Amino acid sequence: MSPQSHADPAVDTPATASERSRLMSRRSVLRGATGVGAVGLAAATGAGTAVALTRQTTQTAAPAARPIAMAAMPPNAMAGPLVVYLRDTNTGEMDVFAGTGQVRVRDSALVAQLLRAMR
Amino acid sequence: MSSHREAPEIAKDPVADSTDVYAFVSPDRPDTVTLIANYIPLEGPAGGPNFYSFGDEVLYEIHVDNDADAQADITYQFRFQTMLTNPDTFLYNTGPILSLNSPNWNSRQFYTVTRLSGGRSQVLASGLSCPPCNIGPLSTPDYARLAQSAVHDIPGGIKVFAGQRAEGFYVDLGAVFDLADLRPFEQLHAQYGMNVFSGSAPGVNATAQLNVHSIAIQVPISQLLWGGRHGDVADQASVIGVWTSASRQRVNLWDAERSQVVTSGPFHQVSRLANPLFNEVLIPLGLKDLWNTLPPSDDKRFADRVAHPELAGLLPALYPGVFPNLDKLVKSSKPRADLEAILLTGIPSGIVTGFQNFTGPVLADMLRLNTAIPPSTNASQLGVLGGDLAGFPNGRRVFDDVVSIELRAIAGVTVPLVDKTFTPDAAASKVTDGLTAASVPSGYLSTFPYLGVPYSGFSTPSS
């Protein structure tokens, strides 16, 4: 197995070296965006809604028309709190973390709703 | 230091900061190998009331490559869980702790050991107790015995221990990081024209009264080698590559309402260690935390840092006239194939009589142990440099003087292994920070887990 990342391979396949160099550091999630337009949002299951807004985008990009799940989240990964990291408000791309799983989704409508809630 | 606080980010995360890795054929059980990974650098023994413990959110791992591809073939995972007996007291213990199930012990830690191999995960043992920290004569009156009771025999002929130990690594941190001062030779240092030193001075062991947290596992050699025990020194399959890593989940969020950290997502490596001083001395500040996130199999991208180590260029500059041959070598820009062999591939057969720990052409920082070489009956702290094939860089024992070995190697003493025309400077074989294993007040144990009894908070520092 890859020593640098431990997860359900359906969720987080081992990254190449060049990919890894682009990945978020473990603290980037806490501290904010590594790229333009990222927004951090977190929700404890059944306990809250968005709690952190780190940065908004000024760039423009074509939004996705409807939610797109880029990888499946395994059922057993859903235990515990669920955390959403909104990577880019323009594309609506989000990383959703739960348990030891991670899935990337794209949902511009949800992003717009979340941003409205933060105002 | 070996790898204590070696990178900017991991220095802020001590429980995930690996400090040293050891791998050696067990001297008292030579059919086994002992693997030790230390974490939490520079523990002050009097660290109460919240004495040091492993990170419950950290995934600790010790990896073994046995087929020379720098990929883990066997991984031992360690996960910890802290339990408070009584959350309504501020005390770590409410009376003497005389046993691992003492009702007086309030803050306890348990762990699970899991073996990964061939895509299969097997829990070897769970609910194993760590010992408490060494507090003092009232709280932990018979500490050595108490801690030894936390050595657990688990299925497969394996022993494990996880808990506080005395720091066994010795180094003159105060001098070394004062612009590479080596006290025994400091009168020869350029001193930037300040003439601070007029004579030599003995080394000072900066870690002499500090503790660490050790994860130690002793495993039959047959369980580590590809195809079982080989027993032939010349057989490449007798060699294992070892390293440790610590990983955290990608999301680490402070839930202020609950006053606790929320973790979520896949684990991501934040710390890695094999050869002492590799990340610390060879990798530049701007790349150290990246290096920590990568597997050994990616180390090719750092090979130039090994082939042209910064310190080799500094020694002739800081000690003018002491290293003329090294100076010429550095200025020639000739790659240091000796260091590449020691640190990145292992030493092939035919270089050192009766020895090899070669793992093939994949450039990777691993601690390489030839398991067919028996423990020494007359050990040298200088390991292979001292003619003792059972010591560093053939794996690493707890007492090996890795600072002197690596300083001398960088100073050029190992260049003739690959270039017979090179003559090392006379000083190269004398370079040291002035310390030996005798500089460790706790000493070492002759049996598992080999690192000494930790210093107690009561008596350290002494008045």
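Only a predicted model underlies this, so the values are computations on that prediction, with no experimental measurement involved.

S.K.: Tell me about the overall build of chain B, residues and numbers included.
M.R.: Helices and strands together make up the secondary structure of chain B, namely nine helices and twelve strands. Relative to the globule expectation of 23 Å for 463 residues, the C-alpha radius of gyration of chain B, 22 Å, shows essentially globular dimensions. A principal-axis box enclosing the C-alpha atoms of chain B has dimensions of 70 × 55 × 45 Å. Sequence separation of 24 or more characterises 65% of the internal contacts of chain B that already satisfy a separation of 6 or more.

S.K.: Please set out the overall build of chain A residue by residue, giving values where relevant.
M.R.: On a plain count of helices and strands, chain A comes out with three helices and six strands. Mapped in sequence order, the helices and strands of chain A form the string β-α-α-β-β-β-β-β-α. Looking at chain A as a whole, 34% of its 119 residues are labelled buried. When contacts within chain A are restricted to residue pairs at least 6 apart in sequence, those whose partners lie at least 24 apart make up 54%.

S.K.: Go over the sheet that holds strand S9 (residues 211-220) of chain B with me, naming the residues and quoting the values.
M.R.: All names here are of chain B. Strand order in this open sheet of five strands is S1-S2-S9-S8-S7, and the pairing throughout is antiparallel. Both edges of this open sheet fall to strand S1 (18-25) and strand S7 (152-154), since each of them pairs with a single strand only. Averaged over all neighbouring strand pairs, the angle between strand axes comes to 15°, with direction disregarded. Across eight bridges, strand S8 (residues 158-166) lies against S9 in antiparallel orientation. Counterpart to Val 160 in the pairing with S9 is Ile 217.

S.K.: Please set out the packing of helix H6 (residues 310-318) of chain B against helix H7 (residues 324-332) of chain B residue by residue, giving values where relevant.
M.R.: Residues and elements named next belong to chain B. Following both chains from N to C, one finds H6 and H7 inclined at 135°, their axes separated by 9 Å at the closest point. Relative to H7, the element H6 is oriented oblique. Seen along the crossing, H6 lies across H7 with a hand that is left-handed. Contact with H6, carried on its side by Ala 312, Gly 313, Leu 315 and Pro 316, involves Leu 326, Asp 327 and Val 330 of H7 and no other residues of that element. Residue composition of the contact of H6 with H7, grouped by class: five nonpolar, one polar and one charged.

S.K.: Tell me what's going on with the pairing of S8 of chain B, and back it up with residues and numbers.
M.R.: The buried count for S8 of chain B comes to seven of nine residues, which makes it a mostly enclosed element. Hairpin connection, S7 of chain B to S8 of chain B: the antiparallel pair is bridged by three residues, and Gly 156 of chain B has positive phi, about 95°.

S.K.: Any chance you could break down the environment of Arg 145 of chain B for me, citing the residues and the numbers?
M.R.: Topologically, Arg 145 of chain B is positioned in helix H1 (residues 143-148). The spacing of Arg 145 of chain B and Gly 265 of chain B is 120 residues in sequence and 40 Å in space, taken between C-alpha atoms.

S.K.: Kindly report on the nonpolar core, identifying the contributing residues and their values.
M.R.: What tends to happen in soluble globular proteins is that the nonpolar side chains get buried as a cluster. In terms of nonpolar packing, the biggest core is built from 116 residues, with Val 21, Ala 23, Val 33, Val 242 and Ala 411 of chain B touching the most fellow members. With seven residues, helix H9 (residues 402-411) of chain B is the single largest residue contributor to this core. In contact with Ala 23 of chain B, other than residues within four places in its own chain, are Val 33, Leu 35, Val 242, Leu 367, Leu 369, Gly 395 and Arg 396 of chain B. If you look at the next biggest cluster of nonpolar residues, it comprises 15 residues, including Leu 86, Met 94 and Val 96 of chain A together with Leu 253 of chain B.

S.K.: Outline helix H8 (residues 337-345) of chain B, listing residues and values.
M.R.: Residues and elements named next belong to chain B. Of all the nine residues making up H8, seven are buried; the element is thus mostly covered by neighbouring parts of the structure. Here H8 has its buried residues at Asp 338, Leu 339, Ala 341, Ile 342, Leu 343, Leu 344 and Thr 345. Downstream of H8 by one or two residues, Gly 346 has phi in the positive range, about 90°.

S.K.: Outline the confidence of the model for chain A, supporting the account with residue identities and numerical values.
M.R.: All names here are of chain A. Of all residues in chain A, 34% attain a pLDDT of 70 or more, and the chain-wide mean is 55. In this model residues 1-38 is a low-confidence stretch, pLDDT under 50, and it forms 92 contacts with partners more than four residues away in sequence or in other chains. Confidence drops under a pLDDT of 50 for residues 40-67, and excluding neighbours within four residues, the segment shows 66 contacts in the predicted structure.

S.K.: Describe in detail helix H3 (residues 108-118) of chain A, supporting the description with residues and values.
M.R.: In an α-helix, one turn spans 3.6 residues; hence positions three or four apart end up facing the same way. All names here are of chain A. Looking only at H3, the buried set comprises Ser 108, Val 111 and Leu 114. Seen end-on, H3 carries its buried residues on one side only, within an arc spanning 120°. Turned more than 90 degrees off the buried face of H3, the exposed positions are Gln 113, Arg 116 and Ala 117.

S.K.: An account of the environment of Pro 309 of chain B is requested, with residue identities and associated values reported.
M.R.: Within the secondary structure, Pro 309 of chain B sits in the loop between helix H5 (303-307) and H6. It is 9.0 Å that separates the C-alpha atoms of Pro 309 of chain B and Leu 339 of chain B, two residues lying 30 residues apart in sequence.

S.K.: Give me the confidence of the model for chain B: which residues, what numbers.
M.R.: Low-confidence regions, as indicated by low pLDDT, have predicted coordinates that should not be scrutinised in detail. Mean pLDDT over chain B stands at 96; residues scoring 70 or higher make up 99%. Reported confidence for the predicted complex is 0.75 by ipTM and 0.87 by pTM.

S.K.: Which residues make up unusual backbone geometry, and what are the values?
M.R.: Residues and elements named next belong to chain B. Residue Pro 393 is reached from Phe 392 by a cis peptide bond, and omega for that bond is 5°. As for its placement among the helices and strands, Pro 393 is situated in the loop between strand S12 (367-370) and H9. Along the chain, Phe 448 connects to Pro 449 via a cis peptide bond; the corresponding omega equals 10°. Within the secondary structure, Pro 449 is located in the segment after H9. Positioned with a positive phi, Asn 195 is a non-glycine residue whose angle comes to about 55°. Inspection of the secondary structure assignment puts Asn 195 in the loop between helix H2 (173-176) and S9. Overall, the presence of 8 C-beta atoms within 10 Å leaves Asn 195 in the exposed class. The phi dihedral of Ser 259 falls on the positive side, at around 55°, and the residue is not glycine. Turning to its location among the elements, Ser 259 is positioned in the loop between strand S10 (239-255) and strand S11 (260-273). Overall, Ser 259 belongs to the exposed group, with 7 C-beta atoms counted inside 10 Å.

Parameters at a glance
- As a convention, each chain's residues are numbered from 1 in the sequence order in which they are written.
- Both sets of labels track the order of writing: A upward for chains, 1 upward for ligands.
- The model is predicted, so local features are restricted to residues of pLDDT at least 70 and side-chain atom pairs to those at 80 or more, both for listing and for counting; the totals for chains, interfaces and linings are taken over all residues.
- Helix and strand assignments follow DSSP, with helices taken as H or I runs no shorter than four residues and strands as E runs no shorter than two, numbered in order from the N terminus.
- C-alpha atoms define the radius of gyration, and 2.2 Å times the number of residues to the power 0.38 defines the globule rule.
- A pair of residues counts as a contact when their C-beta atoms, built from backbone coordinates, are within 7 Å of each other.
- As a rule, residues whose C-beta atom has 12 or fewer other C-beta atoms within 10 Å are exposed, those with 20 or more are buried, and those in between are partly exposed; C-beta atoms are placed from the backbone.
- For two strands to be treated as a pair, DSSP must find at least two bridges joining them.
- Simply put, an axis is a line fit to the C-alpha atoms, just over the touching stretch for a helix, and the angle between two N-to-C directions goes from 0 to 180 degrees.
- Relative orientations are named as follows: roughly parallel for angles under 35 degrees, roughly antiparallel for angles over 145 degrees, roughly perpendicular for angles from 65 to 115 degrees, and oblique for any other angle.
- By convention the crossing between two helices is left-handed if the near helix lies anticlockwise of the far one by an angle smaller than a right angle, and right-handed if it lies clockwise.
- Under the convention adopted here, Pro, Cys and the residues Ala, Val, Leu, Ile, Met, Phe, Trp and Tyr are nonpolar, Asp, Glu, Lys and Arg are charged, and Gly plus all remaining residues are polar.
- Put simply, a nonpolar core is a cluster of buried Ala, Val, Leu, Ile, Met, Phe, Trp, Tyr and Cys residues tied together by C-beta atoms within 7 Å.
- What pLDDT expresses is the predictor's confidence in each residue, scored from 0 to 100.
- Comment: arc refers to directions from the helix axis out to C-beta atoms.

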